[in-house]
Amino acid sequence: MAKNQLVLVYFGDEAAADAAVDSLKQWDKATKDIKLGAVGVLVKDDNGKVKTQKVGKRNTGIGAILGVIAAVLSGGITLLGGIIGGGAIGALFHKGLGISKEEMAEIDGYLNDGKAAVGVLVKPKEVEAVTAKLNELGGVAAASYEVSDKVVEEAVAAAEEEPVSEE
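Here's a quick rundown of the structure. Since we're looking at a predicted model, the values are computed, not measured.

Conventions we followed
Sequence positions are assigned chain by chain, starting from 1 and proceeding in written order. Local features in a predicted model are, by the rule used here, given only for residues with pLDDT of at least 70; side-chain atom pairs are given and counted only at 80 or more, and totals for whole chains, interfaces and linings are based on all residues. Excluding hydrogens and water, the side-chain values take into account all heavy atoms of the structure. Strands here are runs of E lasting at least two residues and helices are runs of H or I lasting at least four, both read from the DSSP assignment and numbered beginning at the N terminus. Per-residue accessibility, obtained with a 1.4 Å probe over protein chains only, is compared with the maximum for each type, and a residue is labelled buried under 20%, exposed over 50%, and partly exposed between these values. Contacts between residues were defined by any pair of non-hydrogen atoms, one from each residue, lying within 4.5 Å. By the convention used here, strands pair only if DSSP detects at least 2 bridges between them. An axis is simply a line fitted to the C-alpha atoms; with a helix, the fit covers only the stretch in contact. Between two such axes, the angle follows the N-to-C directions and lies from 0 to 180 degrees. In these notes the angle categories are as follows: under 35 degrees is roughly parallel, over 145 is roughly antiparallel, 65 to 115 is roughly perpendicular, and the rest is oblique. Less than a right angle of anticlockwise turn of the near helix away from the far helix marks a crossing as left-handed, whereas a clockwise turn marks it as right-handed. Side-chain classes are defined by residue name, with Ala, Val, Leu, Ile, Met, Phe, Trp, Tyr, Cys and Pro counting as nonpolar, Asp, Glu, Lys and Arg as charged, and the others, Gly among them, as polar.

**As for the side chain of Gln5**
By secondary structure assignment, the location of Gln5 is in strand β1 (residues 3-11). Classification of Gln5 by relative accessible area gives buried; the value is 12%. Residues in contact with Gln5, not counting those within four places in the same chain, are Val120, Leu121, Val122, Pro124, Val127, Ser144, Tyr145 and Glu146.

Right, dumping it as structure tokens:
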């Protein structure tokens, strides 16, 4: 089963994350060795609810994966097994997204005070280059999580059945 990596890199605000995504897409077009998968942005709204913003035409996988993360961080799914909203999405999270309770707390903390995260779904060999590029564009505190193709497919199916918050 093929593996992808979810790379998350944090930015000072949503505008900086959006600018980094635009630059990343230009870099992707100009670089033969890098062919990015889907790209998205995670932010908190004024009420502290985490929202996703999908970017580009290849966004189904990243939208679903970031949507699951947004649902967890917004309280729609708990990490202790109780599911407040969405059985399929909750089962998917526990099954194989590979992000621990502590890592989810870190993600949540990085999104406070108007900060944003850029998430990119890449092949393992692209993690280092994509992380370096996002850091060059002003990102900090990069993290990478292994995600199987099956988990991406299941996230897409779960999101279609039980939409998560997206903007």
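There is more to say, and it comes next.
**What to know about the pairing of strand β2 (residues 39-44)**
The buried fraction of β2 is high, at 6 of 6 residues. In β2, alternate side chains face the same way, and those of Val39, Val41 and Val43 on one face and Gly40, Leu42 and Lys44 on the other are all buried. Relative to strand β4 (residues 116-122), β2 runs antiparallel, the two being bridged by 5 bridges. The residue of β4 that forms the bridge with Val41 is Val118.

**Some points on the pairing of β4**
In terms of burial, β4 is a largely internal element, 7 of the 7 residues being buried. In β4, alternate side chains face the same way, and those of Ala116, Val118, Val120 and Val122 on one face and Ala117, Gly119 and Leu121 on the other are all buried. Of the pairings in the sheet, the one linking β1 to β4 comprises 7 bridges and is antiparallel in character. Looking at β4, one finds that Tyr10 is bridged to Ala117.

**A short note on the packing of helix α1 (residues 14-30) against helix α5 (residues 127-136)**
Put simply, α1 and α5 touch, their axes get as near as 10 Å, and they point 135° apart. Here α1 is positioned oblique relative to α5, judged by the angle of their axes. Here α1 runs over α5; the crossing is right-handed. Of α5, the residues touching α1 (which contributes Ala20, Leu24 and Trp27) are Ala129, Val130, Lys133 and Leu134. Across the contact of α1 with α5, the residue classes tally to 6 nonpolar, no polar and 1 charged.

**Considering unusual backbone geometry**
Phi angles above zero are rare outside glycine, and Asp113 is one such case at about 60°. Relative to the assigned elements, Asp113 resides in the loop between α4 (101-110) and β4. One non-glycine residue, Ala141, lies in positive phi territory at about 50°. Inspection of the secondary structure assignment puts Ala141 in strand β5 (residues 140-148). Given the relative accessible area of 31%, Ala141 is considered partly exposed.

Don't take any of this as a statement about function, it's just geometry.
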